[in-house]
Amino acid sequence: MAGTFGNPEVVQEEVDILLIGGGMAACGAAYEIMPWIQAAKEEAGVDIKVKLVDKAAMDRSGAVAQGLSAINTYIGSEQDPADYARMVSNDLMGITRDDLAYDLGRNVDDSVHLFEEWGLPIWKTLDNGERVDGATWPKEGGKLLKDGGKPVRSGKWQIMINGESYKWIVAEAAKKALGSDNIQERVFIVKLVNDANDKNRVAGAVGFSVREDKVYVYKFKACLLVAGGCVNIFRPRSVGEGQGRAWYPVWNAGSTYTMAAEAGAELTMMENRFVPARFKDGYGPVGAWFLLFKAQATNAYGEVYMQKNKELLNDYPPYGQAAVPASCLRNHLMLKEMKEGRGPIYMDTVTALAKLRETLSPREVKHLEAEAWEDFLDMCVGQCGIWVGENVEPEKKNSELMPTEPYLLGSHSGCCGIWASGPDDVGAPTTEEHPEKDKIPAHLPQGWNWGYRGMTTVKGLFTAGDGVGASGHKFSSGSHTEGRLAAQSMVKFVIDNKDWKPELDTSVDSLVEEIYRPVRTFMEHKDYTTAIDVNPHYITPRMLQFRLQKIMDEYVAGVATYYNTNGIMLGIAEEKLGMLKEDALKMRAKDLHELLRAWENYHRILTAEAHMKHIQFREESRYPGFYYRTDHNYVDEENWHCFVNSVYDKNTKTWTVFKRAHKDLVDKSK
Ligand code: FAD
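Residues numbered from 1 in each chain as written. Predicted model: local features only at pLDDT ≥ 70, side-chain atom pairs only at ≥ 80, totals over all residues. Heavy atoms only, no water.

A. Structural view of the overall build of the protein chain. Within the protein chain, the regular secondary structure consists of 18 helices and 24 strands. Taking 2.2 N^0.38 as the reference for a compact globule, 670 residues should give roughly 26 Å; the C-alpha atoms of the protein chain span a radius of gyration of 24 Å, in line with that estimate. Counting every position in the protein chain, which comprises 670 residues, the buried fraction comes to 61%. In the protein chain, 77% of the contacts between residues at least 6 apart in sequence involve partners at least 24 apart. Here the protein chain contributes 79 positively and 94 negatively charged side chains, and the mean placements of these two sets differ by 2 Å. (Helix = DSSP H or I, 4+ residues; strand = E, 2+ residues; numbered from the N terminus. Rg over C-alpha atoms; globule rule 2.2 N^0.38 Å. Buried < 20%, exposed > 50% of the residue type's maximum accessible area, 1.4 Å probe, protein only. Contact = heavy atoms within 4.5 Å. Lys, Arg positive; Asp, Glu negative; His and termini not counted. Charge placed at Lys NZ, Arg CZ, Asp CG, Glu CD.)

Here it is in structure tokens:
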């Protein structure tokens, strides 16, 4: 029976594997899983049903929705996966899982080769020396990367693409592999449901359609939670007329971290954040300018702060001394200029293009200028709007750079996320070696591998991409790869658990009741006042979001305090977030769009709380330039060269935060 706004239709479905999300990791899993399912049927006699659920439409969902102009992780023949693990570690100030990074490094190129086969134009130099980019892609005779030709690198790990339609191409392959009957778009998953007989296991998930009055209840043996990272927990720099513009895509609202935490999964490095320095107001990418056009960033007076302030790097050995200092430290050097009044910061596009003119012909320079525009058109069209609107010709006028508000993610230059099982063949510790191991809750695994690559500490719950913590720099290609790796392990998990039957620990009625609570709150109280947005019985999701952003901005090291916080400020944030969590139960939803906003906010609050709790626990400033604890304004290698992990108890609504030992598996002295 079709539902109504107050009384939704309930659709129940049982599958074996549910993929939550439709981004790079989910597309990787969707593409990979079918042959393994076929093999499971033929070799083990197990029938496996799989379904993918995305809150949006896969063609343009997730962080790659607008397109990209570079694939940031391609190892190629020039490098080794161990070099990659070393780079990831240094950029993230030494605390990453080498097992995960190494495993990704040795597998990632295969996904890139697939992208090219599926039609993604990759710039390259062909074997005859001719440079070919997407615009002049030969109809015939173009060789695939794996067959010949070298990709054009914009940096050591990055390769250039004509990638406006990147996500379309990757989604098309995923959809073709999975079949449209196994894909449900525009369903927002609100929560995972634990198993009635094993509270450390997932048995289902529940969500609602953002287009129809329907609630979806899924039961499964395994699920892949890949709903991206988290944006808009901090007050964004773009307010008022510019609101909605952020560097990180506004549709990933911390669902991955919150749903995993509520299901009991161990989180890791939630104190980590990413504060990219980007073109001001449009948040346009800087990679091509720095790496391809060799531009430099300066203070207001033309001084190159990376040289001027380079002695500050000596405070952070060895991370400051690497050939490319850690991303946060590059911000650290920039912030000194801003804090001391020598802002704004500029990308010196004028000098960079003038220098190129010294060695290149006018035609080649014109081509490069076109590429600079295309860089924005491919992945951040809003920045072109700003350049056009503000009469910016990059060869004549420099553009401002600005460190953004903080974002939480695990696949770009950040490493917060979920503690996940690594591969079993790279020598990861099998028993916990940390002296404080007795503080780790007893039900959690001790080593870094517990059977199934990508499985979290909750049975049946897998993750990839932004979900896997302590191992950043996967980017689009690496997230796709991790989705593929997880797909293989999930099939194995289902075969190993073929006789197990999921049983939800909460009744379907209560789940539906909970999800539609904001709608009922609205229906019950809407006539109490004459102005629909002003009502003592409810709070609009928009207003609640402002409250969250204010708390995080002012107390948890947002832009308002130049990314500074301390123990006292965190204590205040803790109290205020507690109250906000209570008030979140009073959010209203006057339509399905607001219902989506309400639940996104709920996911944001818990993610924000995890972030705050981890920063509070880690008594040092591990990521100077991303945040500072001014009461512990140093990196303390002796006491804090370790993972900070946590588990959330959804019944008591409390966090347990603890240390886990860090171990280098790759020689970092090289
Ligand atoms: P996403 O691809 O973001 O997918 C998340 C998915 O989850 C989406 O489909 C979303 O709709 C869905 N979802 C969210 N919440 C829910 C929910 N509650 N229920 C159901 N579905 C949900 N990589 C590069 O290689 N090169 C680059 O130049 C580059 N530039 C980047 C620029 C920006 C601004 C960003 C943010 C990332 C960039 N990356 C780049 C990194 C790359 O985009 C990510 O690493 C990758 O997309 C992560 O994959 P994912 O599947 O974890 O998340």
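Picking up after the structure, the text goes on.
B. Layout of the nonpolar core. Counting residues in each nonpolar core, the largest one holds 197 residues, and the members touching the most others are I17, L19, Y166, L192, F208, W289 and L461. Broken down by element, this core gets its largest block of residues, twelve residues, from helix 17 (residues 592-617). The residues contacting Y166, other than those within four sequence positions of it, are M24, V64, L68, I71, F115, L120, I161, S476 and S477. (Core = buried A, V, L, I, M, F, W, Y, C linked by side-chain atoms within 4.5 Å.)

C. Up close: the site of the ligand. Neighbouring the ligand are 36 residues, the closest being D54, S61, A70, S411 and S476. Measuring from an oxygen atom of the ligand, one finds a side-chain N or O atom of S61 at 2.8 Å. Between an oxygen atom of the ligand and a side-chain N or O atom of S479, the distance comes to 3.4 Å. Contact with the protein chains hides 97% of the accessible area of the ligand, taken as 1000 Å² for the molecule alone. (Near = heavy atom within 4 Å. Polar contact = N/O pair within 3.5 Å; in protein donor to acceptor, adjacent residues only side chain to side chain. Areas by Shrake-Rupley, 256 points an atom, 1.4 Å probe, with all protein chains shown as cover.)

D. Up close: the pairing of strand 3 (residues 50-54). Within strand 3, five of the five residues are buried, which leaves the element mostly enclosed by the surrounding structure. Burial along strand 3 is two-sided: V50, L52 and D54 facing one way and K51 and V53 facing the other are all buried. Of the pairings in the sheet, the one linking strand 2 (residues 17-20) to strand 3 comprises four bridges and is parallel in character. Bridge pairing links L18 to K51 in strand 3. (Pairing = 2+ DSSP bridges.)

E. Structural view of the side chain of S209. One can find S209 in strand 11 (residues 202-209). Within the structure, S209 has its side chain in polar contact with the backbone nitrogen of R211 (distance 3.0 Å).

F. The arrangement of the side chain of N272 in detail. Within the fold, N272 resides in the loop between strand 14 (267-268) and strand 15 (277-279). Polar side-chain contacts of N272 include one of 2.7 Å to the backbone nitrogen of C415. In this view, N272 contacts L92, L408, L409, G414, C415, C416, H611 and Y623; residues no more than four positions away in its chain are not counted.

G. Spotlight on the pattern of salt bridges. Across all of its chains, the model carries 53 salt bridges by this definition. For R153, the salt bridge goes to E78, with nearest N and O atoms at 2.8 Å. Of this pair, R153 sits in the loop between strand 7 (150-151) and strand 8 (159-163) while E78 sits in the loop between strand 4 (68-71) and helix 2 (81-91), placing them 75 residues apart in sequence. Accessibility expressed as a relative area gives 45% for E78, which makes it partly exposed. A salt bridge links D505 to K650, with the nearest nitrogen and oxygen atoms 3.9 Å apart. With D505 in the loop between helix 12 (475-496) and helix 13 (508-515) and K650 in the loop between strand 23 (642-649) and strand 24 (654-661), the pair connects residues that are 145 residues apart, well separated along the chain. (Salt bridge = Lys/Arg side-chain N within 4 Å of Asp/Glu carboxyl O.)

H. Quick look at unusual backbone geometry. Residues P317 and P318 are joined by a peptide bond in cis, for which omega reads -5°. With an omega of 0°, the peptide bond between G343 and P344 qualifies as cis. Relative to the helices and strands, P344 resides in the loop between helix 8 (327-339) and strand 17 (345-347). You will see that N232, though not glycine, has its phi angle at about 65°, which is positive. Mapped onto the secondary structure, N232 falls in the loop between strand 13 (222-225) and helix 5 (255-262). Relative accessible area serves as the criterion here: at 11%, N232 is assigned to the buried category.

I. View of the state of the cysteines. Enumeration according to the criterion identifies zero disulfides in this entry. Here C223 stays unpaired: no disulfide links it, and the sulfur of C27, its closest cysteine neighbor, is 16 Å away. Given the relative accessible area of 0%, C223 is considered buried. A disulfide-free cysteine, C642 has its sulfur positioned 13 Å from the sulfur of C415, the nearest such atom. Residue classification places C642 among the buried residues on the basis of a relative accessible area of 2%. (Disulfide = S-S within 2.5 Å.)

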